[in-house]
Structure formats: C-alpha cells, structure tokens
Amino acid sequence: MLHHSITRSTPALERFFELAERGTTPRREMMAGLATFLTMAYIVVVNPGMMAAAGIDHGAAFVATCLAAAIGSALMGLLANYPVALAPGMGLNAYFAFAVVGGMGISWQVALGAVFISGLIFFAVSVTGFREWLINAIPLSLKLGIAAGIGFFLGLIGLRGMGLVVDNPATLVGLGSFREPATLLSCLGFILIAGLVARGVTGGIVIGILATALLGIPFGLTTFNGVFAMPPSLAPTFLQMDLAGALGLGLVGIVFTFFLVDLLDNAGTLIATTHRAGLMNKDGSVPRLGRALMADSGGAMIGAALGTSTTVSYIESAAGVQAGGRTGLTALTVAALFLLTLFLAPLATSIPAFATAPALVLVACLMAQSLRDIAWDDTTEYLPAIVTALAMPFTFSIATGIGLGFIAYALVKVVAGRAGQVGGAVWVIAAASALKFWLQS
C-alpha cells in the first residue's frame, strides 16, 4: 500500500518540479541536496560563533541558523523551483558581528533591525520588478565574469580549507605543508571526487566527501560527536530585533550596505548557479527571477526575526548543481536536512572542513568554464569581466568584485567612446557600488 501511494504521488511531484522536462529524477535531486548541504553545513558551526561574538546567545543562534536556512531554502524551492539553498551569509555575518556591533558599538538588537529593514527594502524592489529589471539588464559578459569570479572565490575558500593555501606575511598567500595529514587527505579526496564526476557517478561528490571524512578517523582528524541532541531555546533572539533603533538616521549607511551586499551577492549566486545548471535563457536573463528574489528577501527578513544576520543564496549550491540538481526539490532536500540538523547537531558537525573543501575546489574549476563564452575579441567586454573575476578572490568579497566590475565596465566603455552601450542598470549598480566603497573607506 505504501509503495502504491508513493508511485501514485510521483506524477504530481514530477509536474510541480518539472523533473522530466529538466532531465532529472527525485533520487538525483535528493542526492544533489545532500551534496549542497554537506558543503554548506559548516555554517551551523561558524555562524553561531560569529553571532556569539556580537553578544547573541550561542544556542539560540544555532537554532536561528538552522531554521533560517531551512525556511529560506524551502521558499526558494517552492517559489522559484531552483536548486539553490539559502543560509546566513558568510561575509555579511562578519560585517554584522565585527563591523556593526563590535566596531560601531551598536547593539545586536538594533543590528538585527537593520537586517530586517534591508530585507524589507529588498522585498519591495523585488515585488515592483525593479530588481528583476536590474539583474536581467546586466550585460552577458559581466554575468559570465561573475560566474567565473564566484568560482575563483569558492576555489580560494576550498584551497584554504584543504591547507594548500596559507597566510604568508611576505607574499600575502603561500603554499601549505604536504606533511599535514589533513592536506594529504584533502588532495586525495579531490582526486577521488574528480574521478567519480568524470566517470559520471551519480552522487560522486557526496561519496567523495564521506569517504574523505572516513579516512580521517584513523588520523584523529574526524571525530564522531554522537547523533542526537535536543535543540536549544530560540527565546533569547526570537523577535528581539529593534526596528525603532534601526530607523535612526545614523544607521542609513548600515542598512544600505546590508541591502547592496545582499543584492549583489544574491544576484551573483543566482547568475552563477542558473548558468551552471543550464537554466539561464539564451539572452542571459534568468527565468522566474522575481520569485527567486522574493524568496531571497523573505529569507533575509525571517532570519532577522529568528535572530541571525542576513540570509542569502549560497554559492555552495553549485555543488548540488554539479551533482545533478536542477529543480527546487534539491532546495527542499537541503531544507529538510537543516531541520534534521536541529536534532542531529553532533552528527552534522562530524564532517570536517578538510573533507568538504575538495568539493568546493572541483566546483570552482567547473564554474571557470563560463569564461569561454566571453566575447574575447572585444576589450570593453572581456576586460571588465576579468576584473570582476579577479577581484572577488583577491578582495575576498563577491560584492566588491561585482562592484569593481561594473565600475570598470561603465568607465572603459566611456573612454572607448561607446558610452551609449552602457545601460541604465549598469550605471545604477556602478554608482551604488562607488558610493558603498566611499562609505566604507
């Protein structure tokens, strides 16, 4: 009877998520969701630590992180039918904790209010269609540069997690030590994942991550932390945001920064993942973008209400796309796993960074393929795209790379005597980025 019920519900599932149309299956989507989850599960450890540095209760921040990721990912899957997962954004959480709260002396309640207001503005421009126009009006060369740049950014994170890239006071970065067992296992994991993907093995990324983690047990690098634990209370942060304080004139710049970074990071992630998944239109526009933007902005507001910094689309979703994810069922799988993480926190935190880092490097290599479609015979097109791609890893900021790319695009076109080719959206983003850089300097 149970088997018959599942079989009978399959057509409805396929119609809603367009599984056959996108050449995928429920099993592949769920494996893709697992791949995405494993590459971004670190956020349930990292984000609560950053929020705690801002004075927020660590346990409540853990619950807020899991719930914000689950709700945001579910919204994306159901509204936009995209294989894109959401969670509190790296970079924005650091800005929240160390720049706004720590640097400016603003309370975390007021900072959460600023996050909520920025999400509300985000939602307003999404509903009006302004943001959709803004993103779809971005030149194709810049979109391709953004996709490659995010890949390079992801690659730097992965190489650092593998221990191959380390700090160097003389050269900024340097080569790590191959005498470290974690580095050697990461390299082995990368070869294993790459080989499985090359052979077309379904779930190759997941298999590689789990195998690498298991190999770390004899070396004491992978620790089994247990399985079940009851989630902490959310009461210390739930609806504790101070909206009245955040509406103060002195916080306009902070709200604007949250909004602009949220805008550019989400735009970059959506462009990169839809391009990689083959979901982008031939003219470079992103279908159902309005729905995706509402999911993003809704996730930001919900996250603030729960008690965490801005929730954004995660570039780690590219791992799921590479594993075969093509629909919102991938995002729903991620949502379900984050809900389970509320009760399986010890198990979720047993997967070490050295095991997931190789997957990020592999995805980075694959995302760099977007560079081949750039118009290499036009300097005014490829130069800003490369500026965008290079700036992201070297400034360690997706938003900064995008901003510098737009500024370069507009100015290079003007100097080349082709100012008429610069659209209104490009001028808007270039001007907003220049203003952001000025405010931050």
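Source: prediction; values computed, not measured.

Rules and cut-offs
Every chain's residues receive numbers from 1 upward, in the order its sequence appears when written. With the structure being a predicted model, the display of local features is reserved for residues of pLDDT at least 70 and the display and counting of side-chain atom pairs for 80 or more, all residues being used for whole-chain, interface and lining totals. Just so you know, side-chain values use all the structure's heavy atoms and leave hydrogens and water out. Only DSSP runs of H or I with at least four residues qualify as helices, and only runs of E with at least two residues qualify as strands; both kinds are numbered from the N terminus onward. The globule rule used for comparison is 2.2 Å times the number of residues to the exponent 0.38, while the radius of gyration itself is calculated over C-alpha atoms. Partly exposed describes any residue whose relative accessible area lies between the buried limit of under 20% and the exposed limit of over 50%, with all areas from a 1.4 Å probe on protein chains only and scaled to the type maximum. We call two residues in contact when some of their heavy atoms are within 4.5 Å. Lys and Arg are tallied as positive, Asp and Glu as negative. Neither His nor the chain termini are counted. We put the charge of a Lys on NZ, of an Arg on CZ, of an Asp on CG and of a Glu on CD. Domain ranges listed in this record stem from an automatic or a database domain assignment. Once two parts are joined, some of their accessible surface, as seen by a 1.4 Å probe, is lost; buried area is that loss totalled over both. Salt-bridge detection follows one rule: a side-chain nitrogen of Lys or Arg within 4 Å of a carboxyl oxygen of Asp or Glu. Contacts described as polar in this section are N or O atom pairs within 3.5 Å, which, within protein, must combine one atom able to donate a hydrogen with one able to accept it, while residues neighboring in sequence count only if both atoms come from side chains. Only Asp, Glu, Lys and Arg are considered charged, only Ala, Val, Leu, Ile, Met, Phe, Trp, Tyr, Cys and Pro nonpolar, and every remaining residue, Gly among them, polar. Expected span of a helix, by definition, is 1.5 Å for each gap between consecutive residues, and there is one gap fewer than residues. Buried residues of nine kinds, namely Ala, Val, Leu, Ile, Met, Phe, Trp, Tyr and Cys, make up a nonpolar core once their side-chain atoms join them within 4.5 Å. Every axis in this analysis is a line fitted to C-alpha atoms, fitted for helices over the stretch in contact. Angles between the N-to-C directions lie between 0 and 180 degrees. Roughly parallel covers angles under 35 degrees, roughly antiparallel covers those over 145, roughly perpendicular covers 65 to 115, and oblique covers all other angles. It is the rotation of the near helix from the far one that decides the hand of a crossing: anticlockwise by less than a right angle makes it left-handed, clockwise makes it right-handed.

Description of the overall build of the chain
Working step 1: The secondary structure content of the chain amounts to 20 helices and four strands.
Working step 2: In terms of C-alpha radius of gyration, the chain reaches 21 Å, essentially the compact-globule figure of 22 Å for 441 residues.
Working step 3: Based on the C-alpha atoms only, the size of the chain along its principal axes is roughly 65 × 60 × 50 Å.
Working step 4: Within the span of the chain, comprising 441 residues, buried residues form 56% of the whole.
Working step 5: When contacts within the chain are restricted to residue pairs at least 6 apart in sequence, long-range pairs at least 24 apart make up 81% of them.
Working step 6: Side-chain charges in the chain split into 19 positive and 18 negative, and the spacing between the mean points of these groups amounts to 8 Å.

Re the domain arrangement of the chain
Working step 1: The assigned domain composition of the chain is domain 1 (12-154 + 218-350) and domain 2 (374-440).
Working step 2: The centre of domain 1, based on its C-alpha atoms, is set 25 Å off from the matching centre of domain 2.
Working step 3: Taken over both partners, the interface formed by domain 1 and domain 2 buries close to 2,200 Å², and the fraction arising from carbon and sulfur atoms is 85%.
Working step 4: Run the count over domain 1 and domain 2 and you get zero salt bridges.
Working step 5: At the boundary of domain 1 with domain 2, the tally comes to one residue pair in polar contact (both at pLDDT 80 or more).
Working step 6: Elements represented by at least two residues in the side of domain 1 that touches domain 2 include exactly helix H7 (130-136), helix H8 (140-162) and helix H12 (252-276).
Working step 7: Sort the elements by how many residues they give to the side of domain 1 that touches domain 2 and H8 lands first, with 10 residues.
Working step 8: Within the side of domain 1 that touches domain 2, the residues separate by chemical class into 16 nonpolar, five polar and one charged.

Some details on helix H19 (residues 398-415)
Working step 1: Compared with the 26 Å implied by 1.5 Å per residue over 18 residues, the 26 Å span of H19 between its first and last C-alpha is a close match.
Working step 2: Most of H19 is tucked away: 13 of the 18 residues are buried.

A short note on the environment of Pro352
Working step 1: With respect to the secondary-structure elements, Pro352 resides in the loop between helix H16 (345-348) and helix H17 (353-367).
Working step 2: Taking relative accessible area as the criterion, Pro352 reaches 13% and is therefore assigned buried.
Working step 3: Sequence separation between Pro352 and Thr222 is 130 residues, and the spatial gap between their C-alpha atoms is 6.2 Å.
Working step 4: In this view, Pro352 contacts Ala213, Leu221 and Thr222; residues no more than four positions away in its chain are not counted.

Focus: the nonpolar core
Working step 1: If you look at the biggest cluster of nonpolar residues, it comprises 67 residues, and the most contacted ones within it are Phe96, Phe258 and Phe338.
Working step 2: Residue contributions to this core peak at 10 residues, all from helix H4 (residues 58-80).
Working step 3: Phe96 has contacts with Met51, Ala54, Ile56, Val101, Trp108, Ala111, Leu112, Val115, Phe258 and Ser309, leaving out every residue within four places of it along the chain.
Working step 4: Listed in part, the 41 residues of the second largest apolar core include Ile138, Leu289, Phe406 and Ile407.

Comments concerning the packing of H8 against H19
Working step 1: Between H8 and H19, the shortest axis-to-axis distance is 10 Å and the interhelical angle comes to 150°. The orientation of H8 relative to H19 falls into the category roughly antiparallel. Relative to H19, H8 is oriented so that their crossing is right-handed. Facing H8, whose interface residues are Ser141, Leu142, Ile146, Ile150 and Phe153, H19 presents Ile398, Ile402, Gly405, Phe406 and Tyr409.
Working step 2: For the contact of H8 with H19, the per-class residue count stands at eight nonpolar, two polar and no charged.

Quick look at the side chain of Thr237
Working step 1: Take Thr237: it is sitting in the loop between helix H10 (204-215) and helix H11 (243-246).
Working step 2: Residue Thr237 is classed as buried on the basis of its relative accessible area, which comes to 0%.
Working step 3: When sequence neighbours within four positions are dropped, the list of residues in contact with Thr237 reads Ile56, Ala60, Trp108, Ala305, Leu306 and Gly307.

Re the pattern of salt bridges
Working step 1: Enumeration according to the criterion identifies two salt bridges in this entry.
Working step 2: One salt bridge in this structure joins Asp378 and Arg418, with 2.8 Å as the shortest N-O distance. A residue pair is termed long-range when its members are at least 10 positions apart, and Asp378 in the loop between H17 and helix H18 (379-395) and Arg418 in the loop between H19 and helix H20 (424-440) qualify at 40 residues.
Working step 3: What makes Asp378 buried here is its relative accessible area of 16%.
Working step 4: Here Lys413 and Glu381 are joined by a salt bridge, their closest N and O atoms 2.9 Å apart. One end of the pair, Lys413, is in helix H19; the other, Glu381, is in helix H18, and 32 residues separate them in sequence. Judged on exposure class, the residue Lys413 and its partner Glu381 are both buried.

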